[in-house]
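# What the coordinates show
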Amino acid sequence: MKPPAATKTNAARLLDTLGIPYELRTYEVDPDDLTAISVARKIGLPPEQVFKTLLAHTNTGEHVFAVIPGDVELDLKKLAHAAKAKKTELASLKEVEPLTGYIRGGVTVMGAKKQFPAFADETIELFDHISVSAGQRGLQLLLAPSDYLRAADATLADLTKDPAKA
């Protein structure tokens, strides 16, 4: 599939409203490989700089977003701790689109159908700029981590599995 034209998504419109500078970067979508590592390779960034957005739910039924580097795994216990819950589990794929308005490979916190608490892995601050989905497959937003945290109203937390234990 060829890359989509760089159209304005809800996430990009939100950034415009907030006066936040960003770059839209398109890439060719492979429906069989929607991994952040694949996206990173296609847009020319290291995988740890391309952040993926995951939807989870707590033991109390609240939904939360976890935003983590593309090359690591989410630690559900750490997410639960950040969300002040006993336990968290990833939302099922069939829950994602009705709750967020986005499909797998295109989920972003910004402009989601419903606002849920968002937690971003603390490594986000290590970079001058990061990449997150613009809200559709084949389109990424590049922006400063501080701008992303403000636009997504995200809380910093340690969210990833220790590489030695993963």
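Use the structure listed above.
So, here's what we can say about the structure. (Residues numbered from 1 in each chain as written. Predicted model: local features only at pLDDT ≥ 70, side-chain atom pairs only at ≥ 80, totals over all residues. Heavy atoms only, no water.)

## Thoughts on the pattern of salt bridges
Where side chains of opposite charge bring their charged atoms close, a pairing between them can arise. On inspection of all chains with the given rule, the structure shows five salt bridges. Residue Lys 87 is joined to Glu 89 by a salt bridge in which the shortest nitrogen-to-oxygen separation is 3.3 Å. Under the relative-accessibility criterion, Glu 89 is labelled partly exposed at 38%. (Salt bridge = Lys/Arg side-chain N within 4 Å of Asp/Glu carboxyl O. Buried < 20%, exposed > 50% of the residue type's maximum accessible area, 1.4 Å probe, protein only.)

## With respect to helix α1 (residues 10-18)
For α1, the full list of buried residues reads Ala 11, Ala 12 and Leu 15. End-on view of α1: buried residues confined to an arc of 100°, all on one side of the axis. Where α1 is buried, its residues touch β6 (130-136), β7 (139-143) and α5 (145-152). Just downstream of α1, Gly 19 is the residue with a positive phi angle, here 70°. (Helix = DSSP H or I, 4+ residues; strand = E, 2+ residues; numbered from the N terminus. Arc of directions from axis to C-beta. Contact = heavy atoms within 4.5 Å.)

## As for the packing of aromatic side chains
Considering all chains together, one arrives at two aromatic pairs under this definition. Considering the side-chain rings of Phe 51 and Phe 127, the 6.5 Å spacing of their centres and the 75° angle between planes classify their relative orientation as edge-to-face. Pair noted here: Phe 51 is in strand β2 (residues 51-58) and Phe 127 is in the loop between β5 (118-121) and β6, with a separation of 76 residues, a long-range link. Among the residues examined, Phe 51 registers a relative accessible area of 2% and is labelled buried. (Phe/Tyr/Trp six-rings, centres within 6.5 Å; stacked < 30°, edge-to-face > 60°.)

## As for the environment of Val 50
Structurally, the position occupied by Val 50 is in the loop between α2 (36-43) and β2. Relative accessible area serves as the criterion here: at 2%, Val 50 is assigned to the buried category. When the C-alpha atoms of Val 50 and His 129 are compared, they prove to be 9.4 Å apart, with 79 residues separating the residues in sequence. For Val 50, the residues in contact, after removing those within four places along its chain, are Ala 36, Val 39, Ala 40, Ile 43, Leu 45, Ile 68, Pro 69, Gly 70, Ser 131 and Gln 140.

## Brief notes about the sheet that holds β7
Read across the open sheet, the three strands follow the order β1-β7-β6; overall the sheet is antiparallel. Two strands lie at the open edges of the sheet, namely β1 (23-26) and β6, each paired on one side alone. Taken over all neighbouring pairs, the strand axes of this sheet differ in orientation by 35° on average, direction set aside. Alignment of β6 against β7, held across five bridges, turns out to be antiparallel. When the bridges of β7 are listed, Gln 136 appears paired with Leu 139. (Pairing = 2+ DSSP bridges. Axes fitted to C-alpha atoms, helices over the stretch in contact; angles between N-to-C directions.)

## Some remarks on the sheet that holds strand β3 (residues 63-69)
Taken together, five strands build an open sheet; the order of strands is β4-β2-β3-β5-β8 and the sheet is mixed. The open sheet has two edge strands with one neighbour each: β4 (88-90) and β8 (154-157). Sheet twist, expressed as the mean angle between neighbouring strand axes with direction ignored, is 35°. By the bridge criterion, three bridges tie β2 to β4 in an arrangement that is antiparallel. The residue bridging Thr 58 from the neighbouring strand is Thr 88, located in β4. Packed on one face of the sheet, helix α4 (residues 93-100) meets β2 and β3 and runs near 100° to β2. This element, α5, spans β2, β3, β5 and β8 of the sheet and lies at about 125° to β8.

## Regarding unusual backbone geometry
A positive phi is found at Lys 84, a non-glycine position, where the angle reads about 55°. Inspection of the secondary structure assignment puts Lys 84 in the loop between α3 (76-82) and β4. For Asp 153, which is not glycine, the phi torsion reads 50° and is therefore positive. Residue position: Asp 153 is located in the loop between α5 and β8. Asp 153 gets classed as exposed once you look at its relative accessible area, which sits at 62%.

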